[in-house]
Amino acid sequence: MSKHVTHWINGQEWSGTAARHGDIYNPATGQVTGTVDFATSAVMDQAVASSKAAFAEWRQASLARRAQVLFAFRELLNAKKEELAAIITAEHGKVLSDALGEVTRGLEVVEFACGIPHLLKGGYSESVSTGVDVYSIRQPLGVVGIISPFNFPAMVPMWFFPLAIASGNVVIVKPSEKDPSATDFVAKLWKEAGLPDGVFNVVHGDKEAVDALLTHPDVKSISFVGSTPIAKYVYETGTAHGKRVQALGGAKNHMVVLPDADLDLAADAAINAGFGSAGERCMAISALVAVEPVADALIAKIKERMAKLTTGDGTKGADMGPLVSSIHRDKVASYVAAGEEEGATLVVDGRTTKFEGDAAGFWLGPTLFDNVTSKMSIYTDEIFGPVLSVIRVKTYAEALKLVNDHLYGNGTAIFTNDGGAARRYQNEVEVGMVGINVPIPVPMAYYSFGGWKASLFGDTHAHGMEGVHFFTRGKVVTSRWLDPSHGGINLGFPQNV
Ligand code: NAD
């Protein structure tokens, strides 16, 4: 039976009739499994009005009450994580264990947000002047918008909404139209957890819905995650409309392997980080920088491991699932063709990989290129698929220059047994998240996630204390309770005595 996904506004499914829809696919079968309603600006207005009404009560809810709802949500999400993972796999295609992994990483942010009473503690200075005290508080912004990409339909929205809600804001999520069901599932869990109606609204759609959110005068902030051109557009449009914006963009993540590295560890890491989730991760490793003389030995080990990888239906135990859509699969395959034409050595061709699944699925096996140069499109562009490019360099300095010269600066990893070299890399590299013998350095919830350069527009990263700051405004109060010794009229600028 075909499913129908619609907006979730004020604690219930929207009852209108949408003029436009999108198709939802199962990437493992290539079949349309349902439709998702696309919102107009009038629907967004309804959602914002519902959010605004809910804000009046929710911002006044005690920290204890907010934390209780967060804890209840955490318990429900934890109990139903397998169900949510199955929903993700059915629309995204990633294998079940990977889908469960993303839910677990999202749960960590919920758990962090459960500590909101502690996280929102302000400062207090007694007697800054005679009889005068100063203290700082942080208050919620109001209606906050979250726009998410297809590749982590559960985890990416969860980088933002637990802290936004815990801080007293009301949230409108605009999920990716490619896999919209995960956010609707989550909306129902919030209701069950006791969150008042209107605090968590979901509006589906495409550019029209995004633009309505970006330009709405009552929306105070935008947290966006997606490709770099759209992130830049969202940042520029949102800030031009007076909003606070954090817009996380695309990536090209380099893994540098120094000559002294443990090559088996490095080969395992390259496989996991290059081909996990079919390379559709913003923290995937797509450029492997081999500092000679390691390249030949490392490539041999990677090739050996690739021969054992299975590509197939994510519900049936394959290592790697399909790509999200036929258009995206064809685009990634066109990069493989471009790499060959540009003169890279095609070591393993994913276009010829045998897959275990429906012939109509969006399949493409893992590809490995050697002798890639910094001028080739497979190196300069974000491919967002299972394509790993090896670039051979002679020195650490050459490797560092490659990474620092690249447009993107999301994540990077260095593999070495030399602590001094690793420390130097962590200091010199111009990238937001660095792994040392760790290929996918996604920070824990209590640190902040975000890249540099074209991988992030705005100055605040996701979750951790930066997340708390993003979703709150600071206020400083200077107070004096009158005592008999007040000083009378003085027109001079306040000084501390
Ligand atoms: P995308 O940019 O196509 O879409 C992201 C969101 O923007 C979706 O909700 C989509 O509906 C909306 N959108 C699409 N086109 C739009 C337009 N013209 N105007 C306004 N809104 C529009 O990205 P995607 O394909 O869903 O996701 C993959 C991209 O996301 C990759 O580039 C990946 O690197 C990036 N990503 C980055 C991070 C990070 O933390 N930096 C994390 C995950 C994904």
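This is a predicted model, so every value here is computed, not measured. (Residues numbered from 1 in each chain as written. Predicted model: local features only at pLDDT ≥ 70, side-chain atom pairs only at ≥ 80, totals over all residues. Heavy atoms only, no water.)

(A) Fine view of the sheet that holds strand E5 (residues 31-38). Overall, mixed pairing links the three strands, which are arranged E1-E5-E4 in an open sheet. The outermost strands of the open sheet, each flanked by one partner alone, are strand E1 (3-5) and strand E4 (20-26). Averaged over neighbouring strand pairs, the angle between their axes works out to 30° when direction is ignored. Bridging between E1 and E5 involves three bridges; their strand directions are parallel. Counterpart to Val5 in the pairing with E5 is Val36. (Pairing = 2+ DSSP bridges. Helix = DSSP H or I, 4+ residues; strand = E, 2+ residues; numbered from the N terminus. Axes fitted to C-alpha atoms, helices over the stretch in contact; angles between N-to-C directions.)

(B) Here's a closer look at the layout of surface pockets. Of the volumes computed, that of the largest pocket is approximately 870 Å³. Pro149, Lys178, Gly226, Ser227 and Ile230 are the residues nearest the centre of the largest pocket, which is lined by 35 residues in total. Going through the elements one at a time, helix H8 (207-215), strand E11 (219-225), helix H9 (228-240) and helix H12 (326-341) are the ones with two or more residues in the lining of the largest pocket. Take the lining of the largest pocket: its biggest share by element is four residues, from H9. (1 Å grid on protein atoms, 1.4 Å probe; cavity = no way out; pocket = protein on both sides within 12 Å on 5 of 7 lines; lining within 4 Å. Points joined across faces, edges and corners; volume = space filled by probe spheres on them.)

(C) Broad picture of the domain arrangement of the protein. Entries for the protein in the domain assignment read domain 1 (3-249 + 455-478) and domain 2 (253-436). On a C-alpha basis, the centroid separation for the pair domain 1 and domain 2 is 31 Å. Listed by partner, the interface residues are 20 residues for domain 1 and 23 residues for domain 2. Taken together, both faces of the contact between domain 1 and domain 2 bury some 1800 Å²; the carbon and sulfur share is 62%. (Domains from an automatic or database assignment. Contact = heavy atoms within 4.5 Å. Buried area = accessible area lost by both parts, 1.4 Å probe.)

(D) Representation of the site of the ligand in the model. The full set close to the ligand counts 26 residues, and Lys174, Glu177, Ser227, Gly249 and Glu382 are the nearest of them. Between the ligand and Gly249, the relevant distance is 2.7 Å, taken from a nitrogen atom to a main-chain nitrogen or oxygen of the residue. The fraction of the free accessible surface of the ligand (840 Å²) that becomes covered by protein chains is 88%. In this structure the site holding the ligand corresponds to the largest pocket. A class-by-class count of the residues in the shell around the ligand yields 14 nonpolar, eight polar and four charged. Both of domain 1 (3-249 + 455-478) and domain 2 (253-436) provide at least three residues apiece to the shell around the ligand. (Near = heavy atom within 4 Å. Polar contact = N/O pair within 3.5 Å; in protein donor to acceptor, adjacent residues only side chain to side chain. Areas by Shrake-Rupley, 256 points an atom, 1.4 Å probe, with all protein chains shown as cover. Sits in = over half its atoms within 2 Å of the grid points. Nonpolar A, V, L, I, M, F, W, Y, C, P; charged D, E, K, R; others polar.)

(E) Quick look at empty space enclosed by the protein. Enumeration over the complete set of coordinates arrives at four cavities of 30 Å³ or more. Of the voids in this model, the largest cavity is the one considered here, and its volume is about 120 Å³. Lining the largest cavity we find 15 residues, and of these Gly279, Ala284, Ser286, Glu382 and Phe384 sit closest to its centre. Empty space within the second largest cavity amounts to approximately 70 Å³. In terms of lining, the second largest cavity is formed by Trp8, Gly11, Ala187, Trp190, Lys191, Leu195, Pro196, Asp197, Gly198, Val199 and Phe200. Take the lining of the second largest cavity: its biggest share by element is three residues, from helix H7 (residues 181-192). Among the residues forming the lining of the second largest cavity, the class breakdown is seven nonpolar, two polar and two charged.

(F) Spotlight on the sheet that holds strand E16 (residues 345-348). Here we have seven strands laid out as an open sheet, ordered E16-E18-E19-E14-E13-E21-E22, and mixed in their pairing. The open sheet has two edge strands with one neighbour each: E16 and strand E22 (433-436). Here the strands of the sheet are splayed against their neighbours by 20° on average, with no regard to which way each runs. The pairing of strand E13 (residues 253-257) with strand E14 (residues 285-291) spans five bridges and is classified as parallel. If you follow Asn253 over to E14, its bridge partner there is Ile285. Along the sheet, H12 contacts E16, strand E18 (367-370) and strand E19 (387-393); its crossing angle with E18, the most-contacted strand, is approximately 25°.

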